[in-house]
Amino acid sequence: MMTDIRTTLGVRPIINVSGTMTGLGASIVVPEAVDTIARVLPQFVEINDLQRRACEVIARLTGGETGFVTASCAAGITLAIAGAMTGTDLAAIERLPDARGLKDEVVVLSGHLVSFGAPVEQSVRIAGAKVVPVGQVTSAYGYQLAGAITERTAAALYVVSHHTVQFGQIPLDEFAAVAHEKGVPVIVDAASEYDLKGFLAAGADVVVYSSHKFLGGPTGGIVAGRKDLVRAAFLQNIGIGRGMKVGKEGIAGTIAALKAWERRDHEGIRARELRALELWKIGLAARPGITATIVADPTDNPLDRLQVNVDPQLAHITAWDLADALAAGNPPVIVRDHEVEHGYFFMDPCNLHPDQEHQVLARLNEELDKAQQSNSIIATPLADRRKRRVASLLRWPD
């Protein structure tokens, strides 16, 4: 049996039921991309020519006029905003992030100013632009968007993510219509979205996708859409985009992942994921204090997750302590715990290797059995957990 590469590298061999999270390696790279990357790595290639091959595939799958590959979705946002500011003015491109003389404001719904591992607004500021929040966190209207747009507005940014506020926001089609009436292009951050065509069809001018999440490609971002805006974004590679450059393996691997996406058995994959969810739901049905419910993805991706509600009085453990125990055990199981203070976490089956769903259920039962045997409820202060999370960000090898 081949040794797990993670063991060789000295890192933990985790099981990911959190989802397509960058901090966990995003996704399982599809075999077609792995093979392509291995074959292109020893070879020389003209990068711009390889990007032209990528733009053909990107245009076909997204319905955009053209596209290119960059280092990440966050990089794609910055490049798209910079392109909206500079156009093809090479001198302006070289001056950024000094935006003097350029339109330098980007309107964003207040409910979309979230963190995807870094603040959304930082991707805007890197380009030299300023964020202009629209509306309130819990509500936004078209008149507020129209009122926020001025002669200094370079672009309107729309974020599609489970992290954003999921109510009271302006729908994309209305958002785009208002921005276009004011002559402002719309850039959509769709990093974790399954639908490759819907956002451009709904009125976006540029859409930025991750190539390493649902697509199962190498780490990278895909910028697709209107030719003049995409071209201006690509030209940022001679400016601020230089620090966001993507290698031949990233471009070639993304091409392979996109082509594999066209041939993927999407219905078969969804059926396999549903089987895992049903296994977990049934396996947890008799556990004291545990309520397991299959819930749909909040941004309408064609996938479901298991929401595991934990009653500490009956389960003898809090939701966050159970999540931490799963992550600390053998094998470590990492759940989606971004809302854990509400007494629940989620389990996402989209990144499981065969039979790992059974290991996950076994680990759940193991930790719940331990909690039941405890003489007192396992309930560490949530504030302490938050402090540990912050401290972990600052930890560096001695």
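Above this text is the structure in question.
Please read all numbers here as calculations on a predicted model, not as lab measurements.

Cut-offs applied
- Residues numbered from 1 in each chain as written.
- Predicted model: local features only at pLDDT ≥ 70, side-chain atom pairs only at ≥ 80, totals over all residues.
- Heavy atoms only, no water.
- Pairing = 2+ DSSP bridges.
- Helix = DSSP H or I, 4+ residues; strand = E, 2+ residues; numbered from the N terminus.
- Axes fitted to C-alpha atoms, helices over the stretch in contact; angles between N-to-C directions.
- Contact = heavy atoms within 4.5 Å.
- Expected span 1.5 Å × (residues − 1).
- Buried < 20%, exposed > 50% of the residue type's maximum accessible area, 1.4 Å probe, protein only.
- Arc of directions from axis to C-beta.
- Salt bridge = Lys/Arg side-chain N within 4 Å of Asp/Glu carboxyl O.

**Student:** Would you mind going over the sheet that holds strand S10 (residues 304-310) in detail, with residue names and values included?
**Tutor:** The three strands are arranged S9-S10-S12 in an open sheet whose pairing can be described as antiparallel. In this open sheet, the two strands that pair with only one neighbour each are strand S9 (290-296) and strand S12 (344-347). Between one strand axis and the next, the sheet turns through 25° on average, direction left out of account. By the bridge criterion, four bridges tie S10 to S12 in an arrangement that is antiparallel.

**Student:** Quick one: what's the story with the sheet that holds strand S7 (residues 206-210), residue by residue and with numbers?
**Tutor:** Strands sit in the order S2-S8-S7-S6-S5-S3-S4 across an open sheet of seven strands; the sheet is mixed. One side of each edge strand has no neighbouring strand; the edge strands of this open sheet are strand S2 (66-70) and strand S4 (130-134). Across this sheet, the average inter-strand angle for adjacent strands is 25°, counted without regard to direction. Sheet analysis places strand S5 (residues 153-159) next to strand S6 (residues 186-189), joined by four bridges and oriented parallel. Bridging from a neighbouring strand, Tyr158 pairs with Val188 of S6. Against the sheet, helix H4 (residues 73-86) touches S2, strand S3 (105-109), S5, S6, S7 and strand S8 (221-225), its axis set at about 160° to S7.

**Student:** Account for helix H12 (residues 266-284), naming residues and giving values.
**Tutor:** At 3.6 residues per turn, the α-helix brings residues three or four places apart onto the same side. Taking 1.5 Å per residue as the helical rise, H12 with its 19 residues ought to reach 27 Å, and the 27 Å between its terminal C-alpha atoms agrees with that figure. Regarding H12, the residues found buried are Glu273, Ala276, Leu277, Trp280 and Leu284. Down the axis of H12, the buried side of the element spans an arc of 95°, and every buried residue falls inside it. The exposed residues of H12 that point more than 90 degrees off its buried face are Glu267, Arg275 and Ile282. Each element contacted by the buried residues of H12 is listed here: strand S1 (15-17), S9, S10, S12 and helix H15 (356-373).

**Student:** Which residues make up the pattern of salt bridges, and what values go with them?
**Tutor:** Using the criterion set out here, one finds 25 salt bridges in the structure. Between Asp35 and Arg39 there is a salt bridge whose closest N-O contact spans 3.4 Å. Placement of both Asp35 and Arg39 in helix H2 (residues 31-40) is noted, with a separation of four residues, approximately one turn of the helix. For Asp35, a relative accessible area of 39% corresponds to the partly exposed category. Arg39 sits in the exposed class, given a relative accessible area of 61%. Where salt bridges share partners, they join Asp324, Asp337, Arg385, Arg388 and Arg389 into one cluster.

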